[in-house]
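Chain and residue survey
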Amino acid sequence: MPDMTLKPKTPLNGYSETFGATVLEEIAGMGLVSIATPRGGVDALQGAVQSAYGCALPPTGSSTIGNDGAIRLMGLQPGQVFALFAYDGDTAVTEIEKALGDNGYYTDQSDSWAMLHLSGSAAIDALARICPLDLDASVFPDGTVARTVMEHMGVIVLREGTDGFLLMAARSSAANFLHAVEQSVRNVT
Amino acid sequence: MIINHPLLGPRDAAEFYYLGDASLLDRPDWQAPDAADKFYEYQYLRDNAAGEHRELWYHEQGDRSWLIVTRDTLTHDITKVELAHDVALAKQADPANTGREG
Amino acid sequence: MSQRMRINGGIVDRSKPLSFEFDGKQLQGFAGDTLASALLANDIRFVGRSFKYHRPRGIFTAGPEEPNALVQLRRGPYQEPNTRATVAELYDGLHAASQNYRGSLNFDLMAVNDLFAPFLSAGFYYKTFMWPQAFWEKVYEPAIRASAGLGRLSGKDDPDIYDKGFLHCDILVIGAGPAGLMAALTAGRSGARVILADEDFAPGGRLNAETHEINGGDAQGWTASVLSELKSLPNVRLMKRTTVYGAYDHGVYGALEKSTDHLPMSGGKPRQILWRIYSKRAVLCAGATERSIAFGNNDRPGVMLAGAVRAYANRWGVAPGRNVAIFTNNDDGWRTATDLAAKGVSIAAVIDTRSGAAPADVAGATIAMGASIVDTKGRKGISAVTLSNGTTVPVDCLAVSGGWSPNVHLTCHQRGRPDWADEIAAFVPGKDLPVGMSVAGAAKGALTLAACLQEGAKAGAQAAQDLGLTASMAEIPEASDEASAITPFWHVTESKGRAWIDLQNDVTAKDVQLAKREGYRSVELLKRYTTLGMATDQGKTANVLGLAVLAEASGKSIPETGTTIFRPPYTPVPIAAFAGRSRGKDFRPTRLTPGHEWAAEQGAVFVEAGMWLRGQWFPKPGETHWRESVDREVLATRKSVGICDVTTLGKIDVQGRDAAEFLNKVYANGFAKLPVGKVRYGLMLREDGMVMDDGTTARLSENHFVMTTTTANAVGVFRHMEFCRQCLWPDLDVHLISATEQFAQYAVAGPNARKLLQKIVDPEFDISNDAFPFMGCGEITVCGGTPARLFRISFSGELAYEIAVPSRYGDGLIRALMAAGEEFDAVPYGTEALSVMRIEKGHPAGNELNGQTTARDMGMGRMVSKKKDSIGSILSERPELNREDGLALVGFRPVDRARQLKSGAHFIPKGKTPSLENDEGWMTSVAYSPTLGHSIGLGFIKRGSDRLGETIVAADPIRGESIEVEIVSPHFFDPEGERVRA
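Residues numbered from 1 in each chain as written. Chains lettered and ligands numbered in written order. Predicted model: local features only at pLDDT ≥ 70, side-chain atom pairs only at ≥ 80, totals over all residues. Heavy atoms only, no water.

Interface size is often expressed as the accessible area that is lost when the parts come together. Taken together, the contacts link 54 residues of chain A with 56 residues of chain C. Summing the contributions of chain A and of chain C, the shared interface buries around 4,300 Å²; its carbon and sulfur component is 46%. If you look at where chain A meets chain C, you find 7 salt bridges. Across the pair A:Lys9 and C:Asp811 runs a salt bridge, and its minimum N-O distance is 3.9 Å. At the boundary of chain A with chain C, the tally comes to 36 residue pairs in polar contact (both at pLDDT 80 or more). Going through the elements one at a time, strand E3 (30–36), strand E6 (80–86), strand E7 (105–108) and helix H4 (174–188) of chain A are the ones with two or more residues in the side of chain A that touches chain C. No other element matches H4(A), which puts 7 residues into the side of chain A that touches chain C. In terms of residue class, the side of chain A that touches chain C is built from 18 nonpolar, 22 polar and 14 charged. (Contact = heavy atoms within 4.5 Å. Buried area = accessible area lost by both parts, 1.4 Å probe. Salt bridge = Lys/Arg side-chain N within 4 Å of Asp/Glu carboxyl O. Polar contact = N/O pair within 3.5 Å; in protein donor to acceptor, adjacent residues only side chain to side chain. Helix = DSSP H or I, 4+ residues; strand = E, 2+ residues; numbered from the N terminus. Nonpolar A, V, L, I, M, F, W, Y, C, P; charged D, E, K, R; others polar.)

Here it is, written out as structure tokens:
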């Protein structure tokens, strides 16, 4: 019997590029799980999150980080947060289930999104070419998260630090999304 | 246009999908004796207001909330934005409350 | 010698000479020149022909309002028609050509039009080209198109790139003249996030064009110090070469930045950027535009606006003439005389329509008060003016000032109407401004410098205070209020020659009077009848004058006559900028499945399905026609096993204690009792009773379902379900999230499907017919531990499964499936074979679910449960949707089996004419069935299910093919469905 083990592929084949002081690279090896709050169960979920990760359940539009820094919870919509954590396996939901029990409804999103990290001096100017949101630190500080549309593609934006952004777009249009961000960086650097 | 989302602040209308009259929340009782007439009215008879209009917008490229936006159709002036979910829950708790003022 | 009209002074950089070419002549200018100033420096002022009469025209203004000096800029594919020479920044190697002539600019064959002027008066299109009607398309329109119009497009793809962007600010200041600079400075100092946008490459506005003093020093020095402070403020963004062209709802402004237009080549960077600017407050400091006076032959090259004449002298160090006359109705015109005289330019005469003492001394000039100019002489340039007192004065330049009109354009973009202000004889912004906008300086009618500085500071401070910031107005720079008195004067009525109002559209005072006589009293109609104020300049120098002449002809005042209002854009915006990056393949995203790379390796022919690319068929070597590939794929699948990528189907994860109840409400058929581990076909209706979508839904656990939708409706169905969840049944515990992107999914279909899958499904999972029957589902692992979901569902009518793995394994899985299928001669099949097989089975798809068909039409009326509340259930009972003679989906086959059916054909009873009255339905889907060996079709026909066996005509009059068809069951293949349960 030949070895039929399936080989995983990342959406952007490990893309990484430097444009002067600006870096654009694919982020892989992350688990991403949607956690939905059962109706009437917000306190129970909040308690479970607090005891498992030592952080609060974030409101829509912001994020919190577990006290060991290993997990970030992002408030995507009312009653739904995404948990993002370093994870290389195939069953990210199991990891969340182990921590939070049956206090939430979990859906694996690890394979649904292409993740790009854009950082450096030109990051904000580059994003201004495609992102309708105001990313100024006064209104979009570190840890802010938002879902919006860029070049007709739905994108989740998370600010990390002063000039770093995690961008997540649908896996199926990953190549187009990379092209859009790359072109934006080229146009401003 | 800019819609001032109750949770997220101002967002470009390009992120939203427009549906129409917020009376779509008032779905009739399927078991009412006159259900056929009520559903007909619900589905087809809408006000086409020149002025203040409560309408449904869906934040499709955002937080996936359905919103009830009160907009003046003559000026695009937006005076109120509510989460449709909240309005629907309030209506369920008190069926006489349609969310409309006055 | 080149640049023979260059004089001292100005803000051009004489250390940087630039070469350029105009109409084949090599010329020189300086950095800081516009094409217009460089042409004038070289004593070139005849630069184009007019639109209608092909009259010689020259540079008329020094700014964006230019009606005449439109040129073709650049060459080859870079060519850009209708570029205003007055705002085109000079660069080394610039190439420009005049336009709108046949032959040469000097000997324009079309100039003959000028002789026919009496026949080309207002409304000539409507009067002349009315009949015979047939002539319009063949004769008139081609002729008009050939002779009208301005520049020409290259007809080639534009090699430059364009971009768009989004900017956010607290306060947008539009215009960087004295008012705008003060507004930006005051707002900037308050800490507000400020954008200061100006269309010019040199901020300063009229300060660059005048000889004003501020704080006792020259105005240019003050401008430089303000700009330097603004640049030092991190909260201020100064945008040069940026025109704010439109005011939209809620503080959104459109702006065009010409980022590399001033460079010989764009160097791979976007040439122009279309910005969407979000502002909380906007201060409009757009300045004012000078207007002309209507008198005989006031259009010759050398006739210019007075403010422009001194702008060329003061800003660019260029004398627009050697011997200049000034014709004015206001004090401002006199400054042109004094400024030019101070620079040593000879002033021949100053003619003022007002009587009384002359406001200034001009050495050597003839001063005529209470006089006017009735005519001019010269053909390709003015050579003399004739005064109302009969004297003729030789001149080579005439500077005209009819007063200044505030640039109220953006105040009107939200339907605001301007008000008339008698004291400046001009329209000023009305009360209904776009939300958040205020106006300051000349744009508001404050036409003097001290007032502009004061107002700008005040508006900037007010905007900041509105936003809760602390703004002080401490330092208003010192400046004087220069003389600006005006007595309105519009039209020299005693002129015999044509008195031009709109130079770009060749509209004369006579045209306006004629239009009025013909009944076009409304200013809106006047505009459309005479074309006054249309085309690229939108009548910036003409509108008020035209209105005044109409008012004069009607015996009414200007405010009584009214005004047309303005729409975006303020100045022309290239289509390329609106397109931005959305060109070719970048027009919209392309979605690819994880198996795409593998399919491409197999030579798949792809088809666009929404944004997705799907394999349509997989040609084998030697196959020359798509049907060969498709027939082979169908037969191989039905004989052994085929594999199809079905990743594109929408997948929605539905969880919650009330998930089953929720599905029971959104689907017309029952879902509450679906057992765990089972899949069910679901039919979704719209509230009006029409079919919205269909698909299958699997119950993975008590509170966890996964739904599939059609590829096309995935987004719409999700939106609809969120509406149901949030707006209709807000108390249910149910949560939705798309899982479309999470899984790669393949259909494995055919008698050997199970055998193939057994080779890759890990041995601990029993997928035998007993353990995993038809419509079963479960979570399994494959290939040694990779998690997967398996659904035993069939669209093909074969023993079939759909298997889903996390997308990262999608590429690996298709390769593993094909490797495992080798011993069964497994084939990949595409959407065409999929479609053939579903038609053979009579399954409805997109062609049948077109939004106008009901479950009953589909033969699925009984699926709509009447025991529960579900979307569409009540309205699906409407009588008209349940008529005895309603449509029903049935199958069709040609009576002559050798013939091909055509979808779109309409069903007509035999012997009747194909007409609407005899129309009984239409063919929705057809295919050649390799299984049956002939063409088959599905379609809707009245009372279809009662008519099996009947013969009818499938009429296709458009394609000229009508054939007899037999009505049959839609289930052409394995009607009992034995194969799916095997």
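Read on, since the account is not over.
To continue, consider unusual backbone geometry. Most peptide bonds take the trans form, and the phi angle of most residues other than glycine is negative. Going from C:Pro568 to C:Pro569, the amide bond is cis rather than trans, its omega being 0 degrees. Residue position: C:Pro569 is located in the loop between helix H12 (558–561) and helix H13 (575–579). Of note, A:Asn13 is a non-glycine position whose phi angle comes to about 50 degrees, a positive value. Structurally, the position occupied by A:Asn13 is in the segment before strand E1 (16–19).

At the junction of the two partners, chain C supplies 28 residues and chain B supplies 31 residues. Contact with chain B buries area across many residues of chain C, yet C:His250, C:Arg719 and C:Gln726 alone supply 25% of it, more than any other trio. Where chain C packs against chain B, one counts 4 salt bridges. C:Arg719 is paired through a salt bridge with B:Glu60; the nearest N and O atoms lie 2.9 Å apart. Connecting chain C to chain B are 14 residue pairs in polar contact (both at pLDDT 80 or more). For the side of chain C that touches chain B, the secondary-structure elements that each account for two or more residues are strand E15 (272–284) and helix H17 (714–728) of chain C. The dominant element in the side of chain C that touches chain B, judged by the number of residues it contributes, is H17(C), at 9 residues. Considering only residue class, the side of chain C that touches chain B consists of 12 nonpolar, 3 polar and 13 charged.

Time to look at the pattern of salt bridges. Residue and element names in this part refer to chain C. Inspection of the entire model under this criterion finds 69 salt bridges over all chains. Among the salt bridges present, the one from Glu623 reaches Arg632, with a minimum N-O distance of 2.4 Å. Among the ionic pairs, Arg883 bridges to Asp885, the shortest N-O distance being 2.9 Å. For Arg883, a relative accessible area of 37% translates into the label partly exposed. (Buried < 20%, exposed > 50% of the residue type's maximum accessible area, 1.4 Å probe, protein only.)

Quick look at the UniProt feature "domain: Aminomethyltransferase C-terminal" (unreviewed entry) in chain C now. Under the local residue numbering, the UniProt record ascribes the feature "domain: Aminomethyltransferase C-terminal" (unreviewed entry) to residues 889–974 of chain C. When the span residues 889–974 of chain C is considered, its composition is 0% helix and 44% strand, and the gap between its end C-alpha atoms is 18 Å. (UniProt positions renumbered as here; feature names shortened; annotations may be inferred.)

Let's shift gears to the UniProt feature "domain: GCVT N-terminal" (unreviewed entry) in chain C. UniProt's entry tags residues 596–868 of chain C with the feature "domain: GCVT N-terminal" (unreviewed entry), counted in the numbering of this structure. With 27% helix and 28% strand, residues 596–868 of chain C has its two end C-alpha atoms placed 43 Å apart.

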